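Observations on chain architecture
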Amino acid sequence: MKQPDKNAYLYACAFAFGDLASLNRLNCLPSYTIKTKSPTMSVVAVLRSMTFRSRFRRICSFRRFLPSVLRHHSTYTPVAHLSPGIERYKDLQASFKRHLKASYNSFSNTPDYSEVYGRHHVYFIEGNCIYRMDKKKQGESKPEQVVHLGQIPVGEEDDEETRPEEWTVQRLRLSPQEKHLAVTVKAQHKQALRCVLVKLGLKRSRVLLTLDHVFSFEWATDEVLFYTSQEGLRCHRVHRLDLTPHGSNVRSVYQESQPDVFVEVVLSRNRQLLTINSSSRTSSEVLMVNVSDPGLEPVMVQPRQPGLLYHLEHWRRSLIVLANTGPGQEYQVVKAPLSEPSMLSWHTVFTPRAGTVLKDMDVVEDHCVLLAKTAANELELIVVPLIQPSQAYTLQLPSWACSVESKRPGLADQHVLEFLISSPGHPPVSYFLYPEKGLLLPASGGSPKNQGSAISTTRLQACSQDGTLVPLTLLHGAKCSKETPVLVHVYGAYGRDVNMDFCLEKRLLLERGWALAYCHIRGGGELGLSWQRGAHVEGKVKGVEDLQACLHHLFSSGVSSPSLTALTACSAGAVPVGALCNRQPDMMQAVVLQSPFLDVLGAMEDAQLPLTVEDREEWGDPVGNPKHRLAIASYCPVHNITPQRYPSMLLTAYSADSRVPLAGVLKYVEKLKEAAAKIEHEPNIVVNIKHGGDHLEAEDWDLMLEEEAFTLAFLYKELGLDPPPPSSRRRRTR
């Protein structure tokens, strides 16, 4: 299911450059199946938090075109700089690479939502082509090629050697009557997207035109496309493209002037309403376009109001609104007539019970379906009949459920909600919700073998320094002890939950006796908007205290010990990890950081950096507010390094990263080495700086395996663990 922020921000997660992420969750192919809408998460959260990992994993491991991906030659230069001492991990890396390949093969049939269903055909990607098949003749006829990526014209910003195999599909949309297809593609190691419009024919389809720097887009009719244009890391313009018999016309329909606002276009689930969502981290403004209106003119719903976050769905002649107008400024469901959409006409439909927060919303025919998180940190579904809201009922999800992703419905799927449930150790399982009947059923035959029945999910609570109870999710196989190695995950920024999607590398660790801990510290969104507000700007240090409390609770509960503990985080999640390393370096043995944001003070002082102005809402303004400067200086990882025994560290960064400046990573490493030189113990600090990437992981299958295998080798070596036995190989028969 999409999160309440599924507009600009979660699609940015699904989008590869953010995924957002893969994510929004994170995450290429699944990203174009998610309808995104969200007022709560800032684009900065996505841009600084999302990695390419989850999206690329699904592309490479779960799709039919894996063999063609493996054959592609990549021009990606893997390493610009790697610290001395890398040879000590090489043998283990080769072993883990073999194990990872075997694991990917064993989960090749894991369900995903990479197909797109139109009125008459189902569309999918294989190799360098987009294909379609008649829905009535699936499996009976040969797929029809719609477009070959080699047909995409080379733009002014593309290199001359750009090849078709270097394009990856990001998002795909069909016009209502399936006359046209719009698809965004991205060249490897490039940030900008290109939108390709294809005329669909009975016998032959052809490319009509291409649009550069397109981020989000939706068809209002078969001839009218609304889309946003991306400038740097911002989307603040909406355009309307009209296809005519003689060509096309483009005109601007909306422009946002505020620098901290991100704009996206979204289509309602029933495809009757197109919205222009203009959202910052703290406020929303939405314009709606009724697709049945001949003029297709945007109409304001509710003008921006400080502190008001909301997004829309359509039902009959009403708007169903998820807005933070509930107790404590948390989300509740309200309704308004289409003719009078402003806040003055909002009437409460459903308010969750105390301790339960709403994470997402869908409208399925006459029912509002809400994804909620309980006070016990468990996910559940709440179904609200819109005709009789007082008859709302709750459906429990499996106790191991940590992540939910909904499917973008086809025209014939409006009565049912299909979604995937997963956890870091449980592969996705497809479920169907029939709200009219109150039925929640798993898909028959859609689940792979070995779903993870041997993996236990335990919900814990750690008491932080100020008495706040911090949720902690523990995944493990056998009963944990002080000899159990544990990999601790954390994020805690921008109101974004720590990523708990299925991950084959994490599954591999669980199968080999590890435990996985996920710390839901303040600053994230696990317990609602108030949870985020509890640790931002001057309160950021509370997230560090929460992380420390989580580790202490694990150890005091008999789960692992400091010498067998490793911490991992990406992007802004590196802040609490780096801060804890300065405060209590003896609480962990190793640290793995991906695109780490470590110089908070330096970044917030430099207004010329792409995200600084927007980001000051999250971290504070050290230039204009002395209190903010003191608060940031008290925890900033770079500015609190002292001569002491630090854990071993693996830091991966990218030379072209415009979100997390490479200079901050290099400054951190330099200061860390200077401090280590003053004492007898010098930790193993491995710095992996890659060319390009721009906040992404490797876009090449083999290089992705190399990175993951190296990380596993680093963890095993630094924690002093015995390597896993060689993966079994089948003997060749003559």
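Residues numbered from 1 in each chain as written. Predicted model: local features only at pLDDT ≥ 70, side-chain atom pairs only at ≥ 80, totals over all residues. Heavy atoms only, no water.

**With respect to the packing of aromatic side chains**
Ring pairs (aromatic) are described by centroid distance and by the angle formed between their planes. In this structure the tally under the stated criterion is 10 aromatic pairs. Judged by centre distance (5.4 Å) and plane angle (65°), the ring pair of tyrosine 310 and tryptophan 346 falls under edge-to-face. Taken together, the residues tyrosine 310 in strand E18 (residues 310–315) and tryptophan 346 in the loop between strand E20 (332–337) and strand E21 (347–350) connect sequence positions 36 residues apart. The exposure class assigned to tyrosine 310 is buried, which follows from its relative accessible area of 1%. Here phenylalanine 597 and tryptophan 619 contribute two aromatic rings whose centre-to-centre distance is 5.5 Å and whose plane-to-plane angle is 70°, an arrangement assigned as edge-to-face. Of this pair, phenylalanine 597 sits in the loop between strand E35 (590–594) and helix H10 (600–605) while tryptophan 619 sits in helix H11 (residues 612–619), placing them 22 residues apart in sequence. Judged by relative accessible area, tryptophan 619 falls into the buried class, the value being 1%. The rings of Tyr89, Phe710 and Phe714 are connected pair by pair, giving a single aromatic cluster. (Phe/Tyr/Trp six-rings, centres within 6.5 Å; stacked < 30°, edge-to-face > 60°. Helix = DSSP H or I, 4+ residues; strand = E, 2+ residues; numbered from the N terminus. Buried < 20%, exposed > 50% of the residue type's maximum accessible area, 1.4 Å probe, protein only.)

**Some remarks on the sheet that holds strand E22 (residues 357–364)**
Spatial strand order, E22-E23-E24-E25: four strands in an open sheet with antiparallel pairing. Each of the sheet's edge strands pairs with one partner strand only, and the pair in question is E22 and strand E25 (393–396). Pairwise comparison of adjacent strand axes, ignoring direction, gives a mean angle of 25° for this sheet. In this sheet, E25 lies alongside strand E24 (residues 379–385) in antiparallel orientation, the contact comprising four bridges. Counted as the bridge partner of leucine 381 is leucine 395 from E25. (Pairing = 2+ DSSP bridges. Axes fitted to C-alpha atoms, helices over the stretch in contact; angles between N-to-C directions.)

**Notes on the sheet that holds strand E8 (residues 193–199)**
One open sheet holds the four strands; their spatial order is E6-E7-E8-E9, and the pairing between them is antiparallel. Lying at the two open borders of the sheet, with one neighbouring strand each, are strand E6 (167–174) and strand E9 (206–212). On average, each strand axis in the sheet is inclined to that of its neighbour by 25°, with strand direction left out of account.

**Quick notes on the state of the cysteines**
Among covalent bonds in proteins, the disulfide is the one between the sulfur atoms of two cysteines. Scanning the model with the defined rule gives zero disulfides in all. Free cysteine: cysteine 519, not disulfide-bonded; nearest cysteine sulfur from cysteine 550 at 3.9 Å. (Disulfide = S-S within 2.5 Å.)

**Some words on helix H9 (residues 574–583)**
Counting buried residues along H9, nine of its 10 residues qualify, which places the element largely inside the surrounding structure. Turning to H9, its buried residues are Ala574, Val575, Pro576, Val577, Gly578, Ala579, Leu580, Cys581 and Asn582.

**Digging into the pairing of E20**
With six bridges connecting them, strand E19 (residues 318–323) and E20 associate as antiparallel partners. Across the sheet, leucine 319 pairs through a bridge with alanine 336, a residue of E20. In the sheet, E20 pairs with E21 via three bridges, with the strands oriented antiparallel. Across the sheet, the residue bridging to valine 333 is phenylalanine 350, located in E21.

**Focus on the confidence of the model for the protein**
The pLDDT averaged across the protein works out to 83; a share of 81% of its residues lies at or above 70. For the stretch residues 1–80, pLDDT sits under 50, and the model shows 367 contacts to residues farther than four places along the chain or on other chains. Every residue in residues 729–734 is under pLDDT 50, and counting partners more than four places away or in other chains gives one contact. (pLDDT = per-residue confidence, 0-100. Contact = heavy atoms within 4.5 Å.)

**A few points about the environment of threonine 244**
Take threonine 244: it is sitting in strand E12 (residues 234–244). For threonine 244, a relative accessible area of 32% corresponds to the partly exposed category. Residues threonine 244 and valine 224, 20 residues apart in the sequence, show an inter-C-alpha distance of 9.4 Å.

**Observations regarding a positive patch on the surface**
Among the surface-exposed residues, Lys179, Lys199, Arg204 and Arg206 lie close enough to one another that they form a single positively charged patch. You can see arginine 206 is positioned in strand E9. (Patch = residues over 30% accessible without salt bridge, like charges linked within 9 Å, V, L, I, M, F, W, Y side chains within 5 Å. Areas by Shrake-Rupley, 256 points an atom, 1.4 Å probe, with all protein chains shown as cover. Salt bridge = Lys/Arg side-chain N within 4 Å of Asp/Glu carboxyl O. Lys, Arg positive; Asp, Glu negative; His and termini not counted. Charge placed at Lys NZ, Arg CZ, Asp CG, Glu CD.)

**Re unusual backbone geometry**
Even without being glycine, glutamate 178 reaches a positive phi, approximately 60°. With respect to the helices and strands, glutamate 178 occurs in the loop between E6 and strand E7 (180–187). What makes glutamate 178 buried here is its relative accessible area of 7%. Of note, leucine 296 is a non-glycine position whose phi angle comes to about 50°, a positive value. Looking at where leucine 296 falls in the secondary structure, it is placed in the loop between strand E16 (284–290) and strand E17 (299–302). We classify leucine 296 as buried; its relative accessible area is 4%.

**Focus on the side chain of glutamate 330**
Mapped onto the secondary structure, glutamate 330 falls in the loop between E19 and E20. Buried charged residue glutamate 330 carries no salt bridge. Nearest counter-charge: arginine 533, at 4.4 Å. There is a polar contact of 2.9 Å between the side chain of glutamate 330 and the backbone nitrogen of leucine 529. Within the structure, the side chain of glutamate 330 is placed 2.8 Å from the backbone nitrogen of serine 530, a separation counted as a polar contact. Filtering out sequence-adjacent residues up to four positions away, glutamate 330 remains in contact with Ala323, Asn324, Thr325, Val357, Leu527, Gly528, Leu529, Ser530 and Arg533. (Polar contact = N/O pair within 3.5 Å; in protein donor to acceptor, adjacent residues only side chain to side chain.)

**Section: the side chain of threonine 484**
Along the chain, threonine 484 falls in the loop between strand E31 (469–476) and strand E32 (486–490). With a relative accessible area of 8%, threonine 484 lands in the buried category. For threonine 484, the side chain forms a polar contact with the main-chain nitrogen of serine 481, separated by 3.0 Å. Residues within four places of threonine 484 in sequence aside, it is in contact with Lys479, Gly513, Trp514, Ala515, Ser560 and Leu564.

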